[in-house]
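# Observations on the three-dimensional arrangement
Residue strings, one per chain:
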Amino acid sequence: VDAVTGAAWLATAGAWICEEGIWESVKESLWANPQTQPTPQVALGVDFGLLATVDNYRTLKIGEKEATLDDEQRNAVYTAAMHRITVITGGAGAGKTLVAKQIVKFFTDGDVRVMLCAPTGKAARRLTEVIGLPASTIHRLLAYDGLSGRFTYNADNPLPDGVVICDEASMIDTPIGNSLISACGPNTALVLIGDP
């Protein structure tokens, strides 16, 4: 029961554990991205060198046309480069796909492993088409074992070092979200992209 408002919450033990796991991980969202920063200390202020590097990723080619990221989109790429956990949201037409493409380009240009995933097979196929790199479902990325009902990649056996980019993140439920975040070890950044 909340001491201030008097509101009460009920949760199963499993749901509470997942919520607590997500909360603990979200606290690390201020940590520096281990793929761009030398130490995992809390990222404070603006890294002007990194910002200047990200500025090189404002323009991208889409077929024969060029597109330019606006300041907000550029800041989303910078935030993903700067922090260990990033959430990028926006409605239809906000340019989340352009931002995702540039985040992937930024990291692959730096020889950082990028792992793309989505909650469903359809969303993963669309992500593959849009980005041009293979994407998988979250279950496949975390190597779900149907016999044990557990993921092979987890807090005790984290994913390889790199950056995980998950599209359609608004579709993720609490247990899967906790599993995904937990599987991202200290040297793996996570970018969640989806509708608000």
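Relevant structure appears above.
This write-up is about the structure you can find in this document.

Rules behind the numbers
- Residues numbered from 1 in each chain as written.
- Predicted model: local features only at pLDDT ≥ 70, side-chain atom pairs only at ≥ 80, totals over all residues.
- Heavy atoms only, no water.
- 1 Å grid on protein atoms, 1.4 Å probe; cavity = no way out; pocket = protein on both sides within 12 Å on 5 of 7 lines; lining within 4 Å.
- Points joined across faces, edges and corners; volume = space filled by probe spheres on them.
- Helix = DSSP H or I, 4+ residues; strand = E, 2+ residues; numbered from the N terminus.
- Nonpolar A, V, L, I, M, F, W, Y, C, P; charged D, E, K, R; others polar.
- Pairing = 2+ DSSP bridges.
- Axes fitted to C-alpha atoms, helices over the stretch in contact; angles between N-to-C directions.
- Contact = heavy atoms within 4.5 Å.
- Salt bridge = Lys/Arg side-chain N within 4 Å of Asp/Glu carboxyl O.
- Buried < 20%, exposed > 50% of the residue type's maximum accessible area, 1.4 Å probe, protein only.

## Details of the layout of surface pockets
Rolled over the atoms, a probe with the dimensions of a water molecule shows which regions are left empty. In this structure, the largest pocket spans a volume of roughly 340 Å³. What lines the largest pocket is a set of 21 residues, and nearest its centre among them are I22, V87, A169, I181 and L192. Of all the secondary structure elements, the ones that give two or more residues to the lining of the largest pocket are α1 (13-27), β3 (85-89), α7 (174-183) and β9 (188-194). Among the elements that take part in the lining of the largest pocket, β3 stands out by supplying five residues, more than any other. Per-class residue counts for the lining of the largest pocket are eleven nonpolar, eight polar and two charged.

## A look at the sheet that holds strand β8 (residues 162-166)
The strand order β3-β9-β8-β4-β5 describes an open sheet built from five strands, whose pairing is parallel. Each edge of the sheet is formed by a strand with only one pairing partner; in this case those strands are β3 and β5 (135-137). This sheet shows a mean twist of 25° between the axes of neighbouring strands, independent of strand direction. For β3 and β9, the ladder comprises five bridges, and the chain directions are parallel. What sits directly across from T86, in β9, is V191. On top of the sheet, helix α5 (residues 121-131) reaches β4 (114-118), β5 and β8; it is set at about 170° to β5, its chief contact.

## Concerning the pattern of salt bridges
If you walk through the whole model with that rule in mind, you get six salt bridges. When the shortest N-O distance is used, the salt bridge between R74 and D55 registers 2.8 Å. Here the residue R74 occupies a position in helix α3 (residues 71-82), and D55 occupies one in helix α2 (residues 48-55), the gap between them amounting to 19 residues. With relative accessibility at 32%, the residue D55 sits in the partly exposed group. Between K96 and D195 there is a salt bridge whose closest N-O contact spans 3.4 Å. With a gap of 99 residues between them, K96 in helix α4 (residues 96-109) and D195 in the segment after β9 connect regions that are remote in the sequence.

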